[in-house]
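Residue-level structure breakdown
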Amino acid sequence: MPATVTDLDTLARSIKLWGRELGFAEVRIADVDLAHMEAPLQAWLDAGYHGEMDYMASHGMKRARPAELVPGTVRAISARMNYLPSAMGDDWRAREKARDEDPSAAVISVYARGRDYHKVMRSRLQQLAERIKGEIGDFGYRVFSDSAPVMEVELAQKAGLGWRGKHTLLINRQGGSFFFLGEILIDVPLPVDPPETPHCGQCSACIQVCPTQAILAPHKLDARRCISYLTIELKGAIPVEMRPLIGNKVYGCDDCQTICPWNKFAQRAVVPDFDERHSLGSAGMVELFAWTEEEFNRRMEGSAIRRIGHERWLRNLAVGMGNAAVKARGQSDIVAALLSRREHPSAMVREHIEWALALHGAV
Ligand code: SF4
Ligand code: SF4
């Protein structure tokens, strides 16, 4: 292990360089004192804003105490990786907006159109840790990406990778917010980087655009109202009163990010893993609703979408197909697709289909 401050400075510079070689846009270092987050975290949990995400609560204050999670931790190496698919044209924000307006389109969050980022991030962070090990020998560490026990946006903010926008996601001045975060908790006292200052200013575009009013106030998200939660995390029926607000979003939602002015600086992915698969950026509801369970599992192999399973996939699509009635009531291919699954073995799927058919006047 490095013995002097100079050694640690050199090591920190090398880690940032290696990180870029591994495809990260930026790697920075933070201390792990998140004591200031304990009260807000407890208040958020007490309000029940985490909904069914019990794993958020089950880790308790360990989330704000990385050294309790991984004993010996004194620093977080925080990394971000851009994920906008490289083939997306410069007009991507306008195209996404146009898809939102198309009642037949099945809108899938951009991050989920390629390979499962959890695996990509963890594997590359692991490679970064191996390179550090090659330099200094054994040291204590653990890698995370989008993992419940770690407050990764807070650590990334501390490390200076960006600031927490009013929509609660991290924003970077050079890269917007379309990036994944991951971190290595380590027991090496590397020099820390300064945090970034906030740059939302008077803007509140994300709060206004949110279709479900899930952003209750700047930096305060009621996850139970967020379309990402409703279409991904929620296991049971989608509350009836929320369904019309979901529109044609069938897996996640990017509205608060797409509207954000900082995302004119969003960067393309440099790794091929996030390239769009199975035309998920242009698919229609009817086409995706026709996938059998076997097709869903096969096509979504290696995708984060596979985690929700075919039943929730059909549930989400049924909601989107019902909402199509606002602009295309009774559209024959949509109604026929819904009718074709009316006898589905899942009571939840059947109930969502009946709801959708009623909107089309087809019951
Ligand atoms: S992801 Fe969509 S639903 Fe969730 S807060 Fe952002 S705009 Fe609202
Ligand atoms: S839309 Fe505006 S308020 Fe929201 S995160 Fe972006 S800059 Fe901040």
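It should be emphasised that the depicted structure is a prediction, and the values quoted were computed from it without experimental measurement. (Residues numbered from 1 in each chain as written. Chains lettered and ligands numbered in written order. Predicted model: local features only at pLDDT ≥ 70, side-chain atom pairs only at ≥ 80, totals over all residues. Heavy atoms only, no water.)

**Notes on helix H14 (residues 309-323)**
With 15 residues, H14 should reach 21 Å at 1.5 Å per residue; the first-to-last C-alpha distance of 22 Å fits that figure. Here H14 lies mainly inside the structure; 14 of its 15 residues are buried. (Helix = DSSP H or I, 4+ residues; strand = E, 2+ residues; numbered from the N terminus. Expected span 1.5 Å × (residues − 1). Buried < 20%, exposed > 50% of the residue type's maximum accessible area, 1.4 Å probe, protein only.)

**What about the pattern of salt bridges?**
Tallied over the full model, the rule gives 22 salt bridges. Of the charged contacts, one joins glutamate 101 and lysine 327 as a salt bridge, the two residues approaching to 3.3 Å between their closest N and O atoms. Of the two residues, glutamate 101 sits in helix H5 (residues 92-101) while lysine 327 sits in helix H15 (residues 325-328), which places them 226 residues apart along the sequence. Look at lysine 327 and you get exposed, because its relative accessible area is 51%. Here glutamate 294 makes a salt bridge to arginine 298, at a shortest N to O gap of 3.0 Å. Placement of the pair is glutamate 294 and arginine 298 together in helix H13 (residues 293-299), with a separation of 4 residues, close to one helical turn. Overall, glutamate 294 belongs to the partly exposed group, its relative accessible area being 48%. Given a relative accessible area of 47%, arginine 298 falls into the partly exposed group. (Salt bridge = Lys/Arg side-chain N within 4 Å of Asp/Glu carboxyl O.)

**Structural notes on the site of ligand 1**
Neighbouring ligand 1 are the residues Cys210, Pro211, Thr212, Ile215, Leu221, Cys226, Ile227, Cys253, Asp255 and Cys256. In the shell around ligand 1, the residues fall into 8 nonpolar, 1 polar and 1 charged. (Near = heavy atom within 4 Å. Nonpolar A, V, L, I, M, F, W, Y, C, P; charged D, E, K, R; others polar.)

**So, the sheet that holds strand E1 (residues 26-31)**
If you walk across this open sheet you meet the 4 strands as E1-E2-E7-E4, and the pairing is antiparallel. Both outer strands of the open sheet, E1 and strand E4 (141-144), are each paired with one neighbouring strand and no more. Within the sheet, the average angular offset between the axes of one strand and its neighbour, ignoring direction, is 20°. The sheet contact formed by E1 and strand E2 (residues 75-82) spans 6 bridges and is antiparallel. For alanine 30, the partnering residue across the bridge sits in E2 and is alanine 76. Along the sheet, helix H6 (residues 117-136) contacts E2, E4 and strand E7 (179-186); its crossing angle with E7, the most-contacted strand, is approximately 40°. (Pairing = 2+ DSSP bridges. Axes fitted to C-alpha atoms, helices over the stretch in contact; angles between N-to-C directions. Contact = heavy atoms within 4.5 Å.)

**Details of the environment of glutamate 301**
On the secondary structure map, glutamate 301 appears in the loop between H13 and H14. Taking relative accessible area as the criterion, glutamate 301 reaches 47% and is therefore assigned partly exposed. C-alpha separation for the pair glutamate 301 and arginine 115, spaced 186 residues apart in sequence, amounts to 8.6 Å. Discounting residues that sit within four places of it in the chain, glutamate 301 has contacts with Arg277 and Arg306.

**Description of the side chain of serine 303**
For serine 303, the position within the fold is in the loop between H13 and H14. Judged by its relative accessible area of 5%, serine 303 falls in the buried class. Of the polar contacts made by the side chain of serine 303, one reaches the backbone nitrogen of isoleucine 305; its length is 2.9 Å. (Polar contact = N/O pair within 3.5 Å; in protein donor to acceptor, adjacent residues only side chain to side chain.)

**A look at the packing of helix H16 (residues 332-340) against helix H17 (residues 347-359)**
Running from amino to carboxyl end, H16 crosses H17 at an angle of 150°, the nearest separation of the two axes being 10 Å. One finds that H16 runs roughly antiparallel with respect to H17. As H16 packs across H17, the resulting crossing turns out to be left-handed. In this structure, H16 uses Val335, Leu338 and Leu339 to contact H17, whose residues at the interface are Ile353, Ala356 and Leu357. (Parallel < 35°, antiparallel > 145°, perpendicular 65-115°, else oblique. Left-handed = near helix turned anticlockwise from the far one by under 90°.)

**Description of H5**
For H5, every residue scored as buried is listed here: Trp92, Glu96 and Arg99. The arc that holds the buried residues of H5, viewed along the axis, is 60°, so those residues lie on one side. The inward-facing, buried residues of H5 contact strand E3 (107-108) and helix H11 (255-258). (Arc of directions from axis to C-beta.)

**Details of the packing of aromatic side chains**
Enumeration according to the criterion identifies 14 aromatic pairs in this entry. Clustering of aromatic rings is evident, with ring pairs tying together Tyr83, Trp92, Tyr111, Tyr117, Phe178, Phe180, Tyr251 and Phe274. In this structure, arginine 80 is placed above the aromatic ring of phenylalanine 179, and the distance from its NZ or CZ to the ring centre is 4.8 Å. We note arginine 341 situated over the ring of phenylalanine 289; from NZ or CZ to the ring centre the distance is 5.6 Å. (Phe/Tyr/Trp six-rings, centres within 6.5 Å; stacked < 30°, edge-to-face > 60°. Lys NZ or Arg CZ within 6 Å of the ring centre and 35° of its normal.)

**What about the side chain of serine 346?**
Assignment of secondary structure puts serine 346 in the loop between H16 and H17. On the accessibility criterion, serine 346 (9% relative accessible area) is buried. Of the polar contacts made by the side chain of serine 346, one reaches the side chain of glutamate 311; its length is 2.5 Å.

**Side note on the layout of surface pockets**
Roughly 350 Å³ of internal volume is contained in the second largest pocket. Along its surface, the second largest pocket is lined by 17 residues, and Asp100, Gly247, Asn248, Asn323 and Lys327 are the ones closest to its centre. Looking at the lining of the second largest pocket, the elements with two or more residues in it are H5, helix H10 (243-246), H14 and H15. With 3 residues, the single largest contributor to the lining of the second largest pocket is H5. By residue class, the composition of the lining of the second largest pocket is 6 nonpolar, 4 polar and 7 charged. (1 Å grid on protein atoms, 1.4 Å probe; cavity = no way out; pocket = protein on both sides within 12 Å on 5 of 7 lines; lining within 4 Å. Points joined across faces, edges and corners; volume = space filled by probe spheres on them.)

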